[in-house]
Amino acid sequence: IADLTLKNEIELAVCGYSRLSLYSLEDLKESQRFNWKGQLFKLTFSPNERFAVCASNDLSIHIWDLKRNKDLSMRGFSSKSRDGSFRYDGLYMANASGPEIIIWDYMDPGPANKKPMVLGPLEKDIQFVQYQKKGKTLASFGQDGVVIFWRPDLFEDKPLAIAGIRDQAISAALWTQDDQYVVTGLQTGYVALYPTPQVSDPE
């Protein structure tokens, strides 16, 4: 087992070598299985539960459209996908691949045949990417300790703000519940907190 997450309150999703499986939490019986050749990891679901996305060891991300029972593979990355995060409304997803962030358009009918936006390359590889819980700001967290805030919908590939402690590798990161700060855990044993830069949405 490479990763597992709750799809919702009644289903558990598990991925590993060659498959993604959904289990009922009531009886732990497998309700759905999706096969794919190779090792899958870093599992995430879109907020509306329509799409399941896994990174793969073959330098791709694999996407299942659960509504249409179809799947597709996105290739062409130079590095494995380390992390993925959907925007709260499910319209966009960011994934970290080496020193780049790839922004995918998940507006109906999904990301197939759509050209993604690329942020970077940055100086060092990115460990984590996370959208706010209820906002549109994206934060990326680098191996070199650099935290970058982005608003791709407003400023495309231009950073909103840059923070962090250089050369202090980030080992964990999260947004606070109110989206006002990001919190980072550093490999040196410290915890650092950064305020979210404020930006006004166009009316």
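Before reading further, recall that the structure is shown in the block above.
Residues numbered from 1 in each chain as written. Predicted model: local features only at pLDDT ≥ 70, side-chain atom pairs only at ≥ 80, totals over all residues. Heavy atoms only, no water.

(A) Just the pairing of strand E8 (residues 81-86), in detail. Bridge count for E8 against strand E9 (residues 92-97) is five bridges, and the pairing is antiparallel. The residue bridging Ser-85 from the neighbouring strand is Ala-94, located in E9. In sequence, E8 turns back onto E9 through a hairpin of five residues, with Gly-90 there showing a positive phi of about 75°. (Pairing = 2+ DSSP bridges. Helix = DSSP H or I, 4+ residues; strand = E, 2+ residues; numbered from the N terminus.)

(B) Just the environment of Gly-110, in detail. Tracing the backbone through its elements, the reader meets Gly-110 in the loop between strand E10 (100-105) and strand E11 (117-119). For the pair Gly-110 and Ala-96, spaced 14 residues apart in sequence, the C-alpha separation works out to 19 Å. Ignoring sequence-local partners within four residues, the contact set of Gly-110 consists of Phe-51 and Asp-105. (Contact = heavy atoms within 4.5 Å.)

(C) The sheet that holds E10, seen in detail. Ordered in space as E8-E9-E10-E11, the four strands form an open sheet in which the pairing is antiparallel. Strands with a single pairing partner mark the edges of an open sheet, and in this sheet they are E8 and E11. On average, each strand axis in the sheet is inclined to that of its neighbour by 20°, with strand direction left out of account. (Axes fitted to C-alpha atoms, helices over the stretch in contact; angles between N-to-C directions.)

(D) Spotlight on the sheet that holds strand E15 (residues 159-164). Pairing is antiparallel across the open sheet formed by four strands, whose spatial order is E12-E13-E14-E15. Looking at which strands have only one partner, the edges of the open sheet turn out to be strand E12 (126-131) and E15. Pairwise comparison of adjacent strand axes, ignoring direction, gives a mean angle of 20° for this sheet. For strand E13 (residues 138-142) and strand E14 (residues 146-150), the ladder comprises four bridges, and the chain directions are antiparallel. The residue bridging Phe-141 from the neighbouring strand is Val-147, located in E14.

(E) Geometry of the pairing of strand E18 (residues 191-195). In E18, alternate side chains face the same way, and those of Ala-192 and Tyr-194 are buried while those of Val-191, Leu-193 and Pro-195 on the opposite face are not. The pairing of strand E17 (residues 181-186) with E18 spans five bridges and is classified as antiparallel. Paired with Val-183 across the strands is Leu-193, a residue of E18. Here E17 folds back onto E18, and the loop between the two strands holds four residues, one of which, Gly-189, carries a positive phi near 100°. (Buried < 20%, exposed > 50% of the residue type's maximum accessible area, 1.4 Å probe, protein only.)

(F) Expanded view of the side chain of Ser-140. Among the secondary structure elements, Ser-140 is positioned in strand E13. Residue Ser-140 is classed as buried on the basis of its relative accessible area, which comes to 1%. For Ser-140, the side chain forms a polar contact with the side chain of Trp-150, separated by 3.0 Å. Residues in contact with Ser-140, not counting those within four places in the same chain, are Ile-101, Leu-122, Ile-126, Phe-128, Val-129, Val-146, Val-147, Ile-148 and Trp-150. (Polar contact = N/O pair within 3.5 Å; in protein donor to acceptor, adjacent residues only side chain to side chain.)

(G) View of a nonpolar patch on the surface. There is a patch of nonpolar side chains on the surface, built from Leu-6, Leu-25 and Leu-28 and spanning about 290 Å² of accessible area. In this fold, Leu-25 is placed in the loop between strand E3 (17-24) and strand E4 (30-45). Judged by its relative accessible area of 35%, Leu-25 is partly exposed. (Patch = residues over 30% accessible without salt bridge, like charges linked within 9 Å, V, L, I, M, F, W, Y side chains within 5 Å. Areas by Shrake-Rupley, 256 points an atom, 1.4 Å probe, with all protein chains shown as cover. Salt bridge = Lys/Arg side-chain N within 4 Å of Asp/Glu carboxyl O.)

(H) Focus on the side chain of Asn-95. Position of Asn-95 among the secondary structure elements: in strand E9. Side chain to side chain, Asn-95 and Ser-81 meet in a polar contact 3.2 Å long. When residues no more than four places from it in sequence are discounted, the contact partners of Asn-95 are Ile-61, Phe-77, Ser-81, Asp-83, Gly-84, Glu-100, Ile-101, Ile-102, Trp-104 and Val-129.

In short, the description is geometric, and any link to function would need to be established separately.
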